[in-house]
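Observations on the model geometry
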Amino acid sequence: MTTATSREDTEALAKGIIEGIHSFVESEVLPLEEQYRKILADERLLFRDDGRLVDEIAEARRNIRRKSAAAGFYAMLAPEEIGGGGLPSSVGVLVLEAIERRYGPGRLLIGWSNAFLTMTLIASFVDGPSHMFLSAGEAVRQQVLPSLLAGEKTICFALTEPDAGSDAWGLKCKARRDGDEWVISGTKQWITNSPYAEHAAVFAVTDPELVAQHKGGITCFLVDAQSPGYQAEKVLPIMGHMGSDCGSISLDEVRVPNERIMGQVDQGFQIGMLGISEGRLSIAAGCVGMAEWALDRSLEYAKQRKTFGVTLSEHQAIQFMLAECAIDIFTAKQTVVRTAELVDAFPTTGRLPVKEISIAKAYSVEGAERVLDRAIQIHGGMGLSNELPFHEGFRIARTLRIPDGTSEIQRRTIARQLLRGDVVF
Ligand SMILES: Cc1cc2nc3c(=O)[nH]c(=O)nc-3n(C[C@H](O)[C@H](O)[C@H](O)COP(=O)(O)OP(=O)(O)OC[C@H]3O[C@@H](n4cnc5c(N)ncnc54)[C@H](O)[C@@H]3O)c2cc1C
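Residues numbered from 1 in each chain as written. Predicted model: local features only at pLDDT ≥ 70, side-chain atom pairs only at ≥ 80, totals over all residues. Heavy atoms only, no water.

Quick notes on the domain arrangement of the protein
- Assigned domains of the protein: these are domain 1 (7-149), domain 2 (155-268) and domain 3 (270-419).
- For domain 1 versus domain 2, the distance between C-alpha centres works out to 24 Å.
- In this assembly, 25 residues from domain 1 lie in contact with 23 residues from domain 2.
- Roughly 2300 Å² is buried in total at the junction of domain 1 and domain 2, and carbon and sulfur atoms are behind 63% of that figure.
- Taken together, the connections running from domain 1 to domain 2 amount to zero salt bridges.
- Where domain 1 touches domain 2, the interface holds 11 residue pairs in polar contact (both at pLDDT 80 or more).
- In terms of residues, the side of domain 1 that touches domain 2 owes the most to one element, helix α6 (residues 138-143), which gives three residues. (Domains from an automatic or database assignment. Contact = heavy atoms within 4.5 Å. Buried area = accessible area lost by both parts, 1.4 Å probe. Salt bridge = Lys/Arg side-chain N within 4 Å of Asp/Glu carboxyl O. Polar contact = N/O pair within 3.5 Å; in protein donor to acceptor, adjacent residues only side chain to side chain. Helix = DSSP H or I, 4+ residues; strand = E, 2+ residues; numbered from the N terminus.)

Overview of the layout of surface pockets
- Counted as a void, the second largest pocket has a volume near 630 Å³.
- Taken together, 23 residues form the lining of the second largest pocket, with Leu40, Ala41, Gly106, Asn386 and Pro389 sitting closest to its centre.
- Elements supplying a minimum of two residues to the lining of the second largest pocket: α2 (37-40), α5 (89-103) and α14 (390-399).
- The residue inventory of the lining of the second largest pocket, partitioned by class, reads eight nonpolar, six polar and nine charged. (1 Å grid on protein atoms, 1.4 Å probe; cavity = no way out; pocket = protein on both sides within 12 Å on 5 of 7 lines; lining within 4 Å. Points joined across faces, edges and corners; volume = space filled by probe spheres on them. Nonpolar A, V, L, I, M, F, W, Y, C, P; charged D, E, K, R; others polar.)

Thoughts on the nonpolar core
- By size, the foremost hydrophobic cluster in this structure holds 75 residues, and its most contacted members are Ile21, Ile57, Met76, Val95, Leu121 and Ile122.
- Residues lining this core come from more than one domain, with at least three contributed by each of domain 1 (7-149) and domain 3 (270-419).
- In this view, isoleucine 122 contacts Ile21, Phe73, Tyr74, Met76, Leu77, Val95, Leu96 and Ile99; residues no more than four positions away in its chain are not counted. (Core = buried A, V, L, I, M, F, W, Y, C linked by side-chain atoms within 4.5 Å. Buried < 20%, exposed > 50% of the residue type's maximum accessible area, 1.4 Å probe, protein only.)

So, the site of the ligand
- Close to the ligand lie 20 residues, the nearest being Thr160, Ser166, Trp190, Thr406 and Glu408.
- Here a nitrogen atom of the ligand and a side-chain polar atom of threonine 160 are 2.7 Å apart.
- For the ligand, an oxygen atom lies 2.6 Å from a polar atom in the side chain of threonine 406.
- Each residue belonging to the shell around the ligand can be placed in one class, and the counts come to 11 nonpolar, six polar and three charged. (Near = heavy atom within 4 Å.)

Remarks on the state of the cysteines
- In this structure the tally under the stated criterion is zero disulfides.
- In this structure cysteine 246 is not part of a disulfide, and its nearest cysteine sulfur, from cysteine 156, lies 10 Å away.
- Residue cysteine 246 is classed as buried on the basis of its relative accessible area of 9%.
- No disulfide involves cysteine 325; its sulfur sits 14 Å from the nearest other cysteine sulfur, which is in cysteine 287.
- Overall, cysteine 325 belongs to the buried group, its relative accessible area being 2%. (Disulfide = S-S within 2.5 Å.)

Let's talk about the pairing of strand β4 (residues 199-205)
- Among the seven residues in β4, seven count as buried, and that is most of the element.
- Neither face of β4 is open: one carries His199, Ala201, Phe203 and Val205, the other Ala200, Val202 and Ala204, and all of them are buried.
- Relative to strand β5 (residues 218-224), β4 runs antiparallel, the two sharing seven bridges. Across the sheet, phenylalanine 203 pairs through a bridge with cysteine 220, a residue of β5. (Pairing = 2+ DSSP bridges.)

Given below as structure tokens:
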């Protein structure tokens, strides 16, 4: 495992990786952005009628993913035990922050954009190899993992259902055993990357009594999207976009071999929470970067745009907005960095920073939304214009208050931890 022992080591390690990513983007991604500039700038050309990406852009994203994997970036946050880069969380958050800060929203071939929450450069638990795969058995490690690590194929994380979102104990999707196989039936909704994934980590009820007691009873199955009865046809466009990478899945008597169970039967809830915890911190880190991107643009603009004979930066009302952005960003960043350190320390402390992960997710996402809102205000009419991607950043920040636990669920988690006696800060 790549280790980092102090903040200085962490920052030095992150700096080298970030420089590598920037040169990768320059040589491999920017030429594609230029080639597809017209399509990327117009959702009427970008999305098909069914909300999926047109073939050339889907293929460009696949190519970048493969090349990023070959260059050692794509799976760098996944643990070494499954063939990933084993990058400590404290380095990972700095890398994610740097990507969003440099490239900002509206760059579909790089980061969050056009209602896509998957990144081509780096895998997350909703589309590729992650810590969840530590629980994978031999069959999954041999049959599925290599193509995920190579960026050839992707997964989706299928927990949410039409009647079970925040309350995962309300799952209705069921799996029953039939010899060496399981038969799964149910519907999944709001599943990121489901329109594109070759495999799905499907969470299904295997023991309703345990589920009723909130003591287990949910199992995680790695299902092939080609299996008879599996359908991921519907894309769910969001936030005014003409498509997204989010969709619904129906499973009608889908047969899955026993060897495709992730972890133990009835113990899937913990696996899901592991993935979601990882996702919460990654979202938080990306939001810090996106907020920094917006503040960078706002500072530039405030220094050159003049009203009433002086630059915007000389008006105290504008200065206060800039300062409020800095307060949000600094607070969010320190929260994310400290939380990542606590995650890295888990093997020695045995303490999973549940409360801190929720604080980081809620604060960074809500902070990014405030910063994007101020950036739009500082830019006046231009802030609203489709020419600048502030609207995109604002929509992303607003969107991120829902997945991987809504802001209310983060507060619920924080309060529960406090009431259990976790009052360490
Ligand atoms: C863009 C996007 C991508 C997503 N990607 C995935 C994915 O890849 N995989 C996946 O499985 N799911 C995914 N989701 C689903 C997401 O995790 C759920 O939407 C989320 O958990 C909320 O569930 P819900 O939409 O059913 O809302 P509900 O659970 O019905 O909640 C509705 C409202 O009530 C509030 N609420 C609920 N319970 C409480 C409570 N106890 N106290 C206070 N307030 C409460 C919520 O905060 C929310 O404001 C995604 C969602 C979106 C929008």
